[in-house]
Amino acid sequence: MSEMTEKKTVFSGVQPSGNLTIGNYLGAIKNFSRFSEEYKTFYCVVDLHAITVRQVPAELRRRTYETLALYMACGLDADKNTLFVQSHVPQHAELGWILDCYTMFGELSRMTQFKDKSAKHSQNINAGLFTYPALMAADILLYQTDIVPVGIDQKQHLELARDVAMRFNQIYSDTFRIPEGYIPTDTMKIMSLAEPTAKMSKSDPNQNAVVYILDSKDDIMRKFKRAVTDSDSVVRYSEDKPGVSNLMTIYRAFTGKSLDEIEREFDGRGYGEFKLAVGEACADGLAPVRAEFDRLIADKAYLEAVMKKGAEDAYHTARKTMSKVRRKIGFVG
Ligand code: ATP
Ligand code: LTN
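Attention here is on the structure that accompanies the text. Note that the structure is a prediction, hence the values are computed from the model and not measured.

Notes on the environment of Ala 253
Okay, so step 1: Considering the arrangement of structural elements, one finds Ala 253 in helix α10 (residues 242-255).
Okay, so step 2: Note: C-alpha distance between Ala 253 and Ala 227 (26 residues apart in sequence) is 17 Å.
Okay, so step 3: Here Ala 253 is in contact with Leu 26, Lys 30 and Thr 187, once residues within four sequence places are set aside.

Written out as structure tokens, the structure reads:
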């Protein structure tokens, strides 16, 4: 990229609301580092979003450090990417409120994540859970973001962020850049191992359904051995074989082999051998991430220095957008 052209901006976020899964890894974080060289990249630990579901304070604090350490363990260099914690940059909450006033009740009511999470947390359907997408729009729009790498489950929120940005621009003239999603087609939705028609989710209470990035090799092997498949024993990718297809997707992501190659490799060999191979590939692929995580998490002072520098850098950009927004709206000073 020539020095004359301005770098495009990438933004994404992960909630520190649980242990991160291979869905988070393959669908989102693993793709983040591909932008580090040629883009201005902001990767955020979205703790304000996490409290839309009740969190135990000590766990939230621990997971905030862990999510930052995992970003780095998955290949994000703190010198090449702005890595920060959402609540350290007050403009997120500030713009979040403002965008609440440009986001329609009807739009928010249609969000499938809201419907799913209110069903799951029926004792705590708070206003934050409802307005969550307006805060996510604020995250993205504050940095004049061009590209947002996420899994497919975030597509609807991203479209809402675009609609809100266009609405604001139309009322007040150009203020926000309109972001595009970057959704990896191969790994946009990793499914639960126990219920392969449902998304693998870090908040799933069934630990056997979910492979965590930091699981031990033994745990990974055990979970894949137990993964739900179907009654025939043919390793073939097909809509009517969601369990096997999900395992093939995971195997492809960790080995780089094509679906055809995988079908040929396991032709006539049955599910037992296939599941062992998926487990091995996944455990081998995650081993370096885990080793690097262990090293980083032991150095809290370093993690704090990274988040402090990241917040200062993010603040600088966020402040510019906010002063533009305030002026356009008609706020004094
Ligand atoms: P929760 O279970 O608490 O809703 P989550 O596992 O969906 O959380 P998020 O923090 O909401 O995790 O998501 C972080 C990123 O990981 C998002 O970009 C999301 O699209 C992606 N992601 C999450 N689960 C998967 C999955 N199963 N397959 C692909 N991408 C995923
Ligand atoms: N809602 C996202 C997390 C998130 C995010 C963002 C992703 C919050 N703000 C901005 C991309 C851009 C989720 O993964 N559930």
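Side note on the site of ligand 1
Okay, so step 1: What surrounds ligand 1 is a group of 21 residues, the closest being Asp 153, Lys 199, Ser 201, Lys 202 and Ser 203.
Okay, so step 2: Contacts to ligand 1 include Ser 201, whose side-chain N or O atom sits 2.4 Å from an oxygen atom.
Okay, so step 3: One of the side-chain N or O atoms of Ser 203 is found 2.7 Å from an oxygen atom in ligand 1.
Okay, so step 4: Of the residues forming the shell around ligand 1, the biggest block, four residues, is contributed by helix α1 (residues 22-32).
Okay, so step 5: Class assignment of the residues belonging to the shell around ligand 1 gives a composition of six nonpolar, 10 polar and five charged.

A word on the nonpolar core
Burial of nonpolar side chains together is a common tendency in soluble globular proteins.
Okay, so step 1: Counting 60 residues, the largest nonpolar core has Ile 22, Tyr 71, Leu 83, Phe 224, Phe 254 and Phe 274 as the members making the most contacts within it.
Okay, so step 2: If you tally residues by element for this core, the top one is helix α12 (residues 270-297), at 11 residues.
Okay, so step 3: Excluding anything up to four places from it in sequence, Leu 83 contacts Tyr 43, Leu 68, Tyr 71, Met 72, Leu 76, Ala 78, Val 306, Met 307 and Gly 310.
Okay, so step 4: Within the second largest apolar cluster, 38 residues are counted, among which are Phe 11, Met 111, Phe 114 and Val 325.

Section: the environment of Gly 23
Okay, so step 1: Within the secondary structure layout, Gly 23 lies in helix α1.
Okay, so step 2: The class for Gly 23 is buried, based on a relative accessible area of 16%.
Okay, so step 3: Expressed as a C-alpha distance, the spacing of Gly 23 and Val 211, which sit 188 residues apart in the sequence, is 8.3 Å.
Okay, so step 4: Once residues lying within four places of it in the same chain are set aside, the contact partners of Gly 23 are Ala 28, Ile 190 and Met 200.

Overview of unusual backbone geometry
Okay, so step 1: A positive phi is found at Gln 144, a non-glycine position, where the angle reads about 50°.
Okay, so step 2: On the secondary structure map, Gln 144 appears in the loop between α7 (127-142) and β4 (147-149).
Okay, so step 3: Overall, Gln 144 belongs to the buried group, its relative accessible area being 16%.
Okay, so step 4: In the Ramachandran plot, Ser 173 falls in the positive-phi region, its phi being about 80° despite a non-glycine side chain.
Okay, so step 5: Among the structural elements, Ser 173 can be located in the loop between α8 (155-172) and β5 (180-182).

What counts, and where the lines are drawn
Residues numbered from 1 in each chain as written. Chains lettered and ligands numbered in written order. Predicted model: local features only at pLDDT ≥ 70, side-chain atom pairs only at ≥ 80, totals over all residues. Heavy atoms only, no water. Helix = DSSP H or I, 4+ residues; strand = E, 2+ residues; numbered from the N terminus. Contact = heavy atoms within 4.5 Å. Near = heavy atom within 4 Å. Polar contact = N/O pair within 3.5 Å; in protein donor to acceptor, adjacent residues only side chain to side chain. Nonpolar A, V, L, I, M, F, W, Y, C, P; charged D, E, K, R; others polar. Core = buried A, V, L, I, M, F, W, Y, C linked by side-chain atoms within 4.5 Å. Buried < 20%, exposed > 50% of the residue type's maximum accessible area, 1.4 Å probe, protein only.

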